[in-house]
Structure formats: structure tokens, C-alpha cells
Amino acid sequence: MTPRVGVITFPGSLDDRDALRAIDYAGADPVALWHGDDSLGAVDAVVLPGGFSYGDYLRCGAIARFSPIMAALIPAAKDGLPVLGICNGFQVLCEAHLLPGALTRNDHRHFVCRDQRLRIESNTTAWTADYQVGEEILVPIKNGEGCYIAEESVLDELERSGRVLARYVGGNPNGSYRDIAGITNEAGNIVGLMPHPEHAIDDLTGPSSDGLGFFTSILHRLVSA
Amino acid sequence: MSRVVVEVMLKPEILDPQGRAVEGALDRLGLVGVTSVRQGKRFEIELAGPLDASRRERLNELAETLLANPVIENFTVHVVEDA
């Protein structure tokens, strides 16, 4: 059976459609999920998309983190359900404490929107297995609050345990500590990434098709499971 | 009616770009000698009736999880009126 990958739409989500399309492009079965639902249904993995959930009120992701579907997602993620949070989705994962640290306002205060080179630092996660360690990819980035911060001890632990997933190359777009663009949890099933691989799945509409690997990675993981 | 004020500030070690922007504006507008501006949030919460122990407890929990993110922020909960 084709693996089913859900995408949660919150009020203010922007990139849910592109995430669904990327899942379809990769060959999995995209499933639209709604923030107000109490259950995840029968999905094998979940993407939290980019955007401005609840208008970014209070803090980015702070209100989405308490939406009804998150009450189902949080325990499922802790039990091993693969979850990818992109941009606002990364912020939601940090607010839910499924990932350490926080995303704060870009150090230069400007919204950034450009194509960004990243270096893949780990391919042992559910979402990056199709990449080579050290491989550079080009994907869009667009955020106002993408500055990844955490205590020094947390950063050291992330580095030591190989949980820095991707780093910015060719200029840090938002002041993120140690050029961190994405991280994973200890088990490697929960991944947060500030740039947008779902916008780079086809040369026709993106700067590359480099981002598709996140979605083929999860497909291959689920098919072989 | 009871009134509670929750104040939330970024931790001192966390860069506050908004505060920096305000600092720059104050300086530009002729306020001499500004050395630091930090911007925070203040929540004024009104509740019907007195604050019993369970509501106080829930309020403290929500201050710590919803109103503030302890990874980057400090907060205080101050009961202004309890009746």
C-alpha cells in the first residue's frame, strides 16, 4: 500500500498545498489534515507546513502548538511517528518541546526571502536518508523569525550526537547559532527545518529540485518499514 | 472580579532585535545616553469571581506554557485583585 503522509493546515498556514504536492511528487499519498481534528487518522507520517499559524500572535507557533490535532500528534511523535516541521512547522515543534531550542527574530530584523544553499549534515533521519552527508542543496528560505537559538550546552549536545541536520552555506540568513538550518530529535523521526524543500521539487517552479529528497526519503523509509 | 498581570521578558542573554530597533529610534529622536532597550509583553487578565487554588495553579501552568516560552523568556505572575 502507498504510504500516507499527512499535512496539517492551521489557520494561517501558507505552504500546506506545496507540501501536499511535494508528497505526491515523491510518490506517496498526500492527506490533508485539519488543525481542529482530534485525530491524525490513518497516516504514516506528518508534515507541519510553513506559514503564519494564528497570525504569529504571541510567538510563532505558540498557539498552534495547543490546537486539538497537536494533542494527538505530540504523543504519536514521541512514539516514533515521522514528523517534518518546515519553517512555521519547525517553530511549532520547538514550542511543543518536541525539539530543543527556539526560533527568534532574525538578528538583522529584516524578513529574508531568497534561494539558500544548505549543507546536509546528517542522513540518518527519516527525512534525509536520500541525501549524502556533505551534499549541498539549494532551496528557498523565507522567514522573519528564523534565528535558531539554544543554550551552549544544548548546541554542544546537538553537535556531539549528530543531530544538526543541515547548516547554512554561503551566508547565514538569520543569525542562527552555529549556522544551524535544521535539527532532529534523538530518534531521528522528528525533524525541524527553517528553509523550504517543498518549494524546490521541480526546476520549472523552484531554484532546483533538491528539496524533493526530504519527501522521497520518507517514502523510502515507510515502504521499507 | 480578579485581575492578574503576567509580564514576559526575553532572557537577558537572548538578542532582542525589536529592542535594538527602538533603541536606535530613541537615539535618533534626541534622547541622549540610552544604553539599552528591551521590549517585553504584558498580559492583563480579568476573571469573574475569586481566584481559588485550582485556578491559580492553572494560570501558573498556562503562563509557563502558553504566555511565555521558558526556553527564551522569563515571566512573572502578579495577582493585582482577588475578589
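For the structure itself, look to the data block above.
Residues numbered from 1 in each chain as written. Chains lettered and ligands numbered in written order. Predicted model: local features only at pLDDT ≥ 70, side-chain atom pairs only at ≥ 80, totals over all residues. Heavy atoms only, no water.

For interface size, the figure often reported is the accessible area lost on association. Across the contact, 16 residues belong to chain A and 17 residues belong to chain B. Summed over the three residues of chain A that lose the most area to chain B, namely Leu 58, Arg 59 and Arg 109 of chain A, the buried surface amounts to 39% of that side. With its nearest N and O atoms 3.6 Å apart, the salt bridge here joins Glu 73 of chain B to Arg 59 of chain A. Counting every contact that joins chain A to chain B gives 5 residue pairs in polar contact (both at pLDDT 80 or more). Residues belonging to the side of chain A that touches chain B are distributed by class as follows: 7 nonpolar, 4 polar and 5 charged. (Contact = heavy atoms within 4.5 Å. Buried area = accessible area lost by both parts, 1.4 Å probe. Salt bridge = Lys/Arg side-chain N within 4 Å of Asp/Glu carboxyl O. Polar contact = N/O pair within 3.5 Å; in protein donor to acceptor, adjacent residues only side chain to side chain. Nonpolar A, V, L, I, M, F, W, Y, C, P; charged D, E, K, R; others polar.)

With that settled, consider the sheet that holds strand 6 (residues 112-120) of chain A. Residue and element names in this part refer to chain A. With mixed pairing, 9 strands are arranged side by side in an open sheet as 2-1-3-4-11-10-9-6-7. In this open sheet, the two strands that pair with only one neighbour each are strand 2 (29-34) and strand 7 (136-143). Neighbour-to-neighbour, the strand axes of this sheet turn through a mean angle of 25 degrees, independent of strand direction. By the bridge criterion, 6 bridges tie strand 1 (residues 4-9) to strand 2 in an arrangement that is parallel. Directly across from Gly 6, in strand 2, lies its bridge partner Val 31. (Pairing = 2+ DSSP bridges. Helix = DSSP H or I, 4+ residues; strand = E, 2+ residues; numbered from the N terminus. Axes fitted to C-alpha atoms, helices over the stretch in contact; angles between N-to-C directions.)

For the rest of this paragraph, the subject is the packing of aromatic side chains. Enumeration according to the criterion identifies 2 aromatic pairs over all chains in this entry. Over the ring of Phe 66 of chain A we find Arg 65 of chain A, and its NZ or CZ is 4.0 Å from the ring centre. (Phe/Tyr/Trp six-rings, centres within 6.5 Å; stacked < 30°, edge-to-face > 60°. Lys NZ or Arg CZ within 6 Å of the ring centre and 35° of its normal.)

Residues and elements named next belong to chain A. Backbone geometry at Arg 178 places phi at a positive 55 degrees, although glycine is not the residue there. One can find Arg 178 in the loop between strand 9 (164-169) and strand 10 (180-184). For Arg 178, a relative accessible area of 30% corresponds to the partly exposed category. The phi dihedral of Asp 179 falls on the positive side, at around 60 degrees, and the residue is not glycine. Assignment of secondary structure puts Asp 179 in the loop between strand 9 and strand 10. (Buried < 20%, exposed > 50% of the residue type's maximum accessible area, 1.4 Å probe, protein only.)

The next subject is the pattern of salt bridges. Residues and elements named next belong to chain A. Here the structure, examined in full by the defined rule, presents 18 salt bridges over all chains. Asp 15 is the salt-bridge partner of Lys 142, the closest N and O atoms lying 2.9 Å from each other. Of the two residues, Lys 142 sits in strand 7 while Asp 15 sits in the loop between strand 1 and helix 1 (16-26), which places them 127 residues apart along the sequence. In this structure, the salt-bridge partner of Arg 160 is Glu 157, at a minimum N-O distance of 3.0 Å. Separated by 3 residues within a single helix, Arg 160 and Glu 157 lie in helix 4 (residues 152-160), roughly one turn from each other. Arg 160 sits in the exposed class, given a relative accessible area of 61%. Linked by salt bridges that have partners in common, Arg 119, Glu 121, Glu 152, Asp 156, Glu 159, Arg 167 and Arg 178 make up one network.

Further remarks concern the side chain of Thr 9 of chain A. Residue and element names in this part refer to chain A. Structurally, the position occupied by Thr 9 is in strand 1. Judged by its relative accessible area of 16%, Thr 9 is buried. In terms of polar contacts, Thr 9 uses its side chain to reach the side chain of Asp 16, at 2.6 Å.

Before going further, it helps to examine the nonpolar core. Residues Val 47, Trp 127 and Phe 214 of chain A are the most contacted members of the largest nonpolar core, which totals 69 residues. Judged by nonpolar contacts, the second largest core, of 10 residues, contains Val 6, Val 8, Leu 51 and Leu 67 of chain B. (Core = buried A, V, L, I, M, F, W, Y, C linked by side-chain atoms within 4.5 Å.)

Residues and elements named next belong to chain A. Relative to the helices and strands, Gln 116 is located in strand 6. On a C-alpha basis, the gap between Gln 116 and Val 83 in space is 23 Å, while along the polypeptide they are 33 residues apart. Engagement of the side chain of Gln 116 in a polar contact is seen with the backbone oxygen of Val 169, the distance being 3.1 Å.

Residue and element names in this part refer to chain B. Strand order in the open sheet formed by 3 strands is 2-1-3, with antiparallel pairing between adjacent strands. Since the sheet does not close on itself, it has two edges, and those belong to strand 2 (40-47) and strand 3 (73-81), each with one partner. Taking the axes of each pair of neighbouring strands and ignoring which way they run, one obtains an average angle of 15 degrees across the sheet. Relative to strand 2, strand 1 (residues 2-10) runs antiparallel, the two sharing 8 bridges. Across the sheet, the residue bridging to Val 5 is Glu 44, located in strand 2. Seen against the sheet, helix 2 (residues 53-67) touches strand 1, strand 2 and strand 3 and runs at an angle of roughly 150 degrees to strand 3.

Read these as geometric descriptors, not functional statements.
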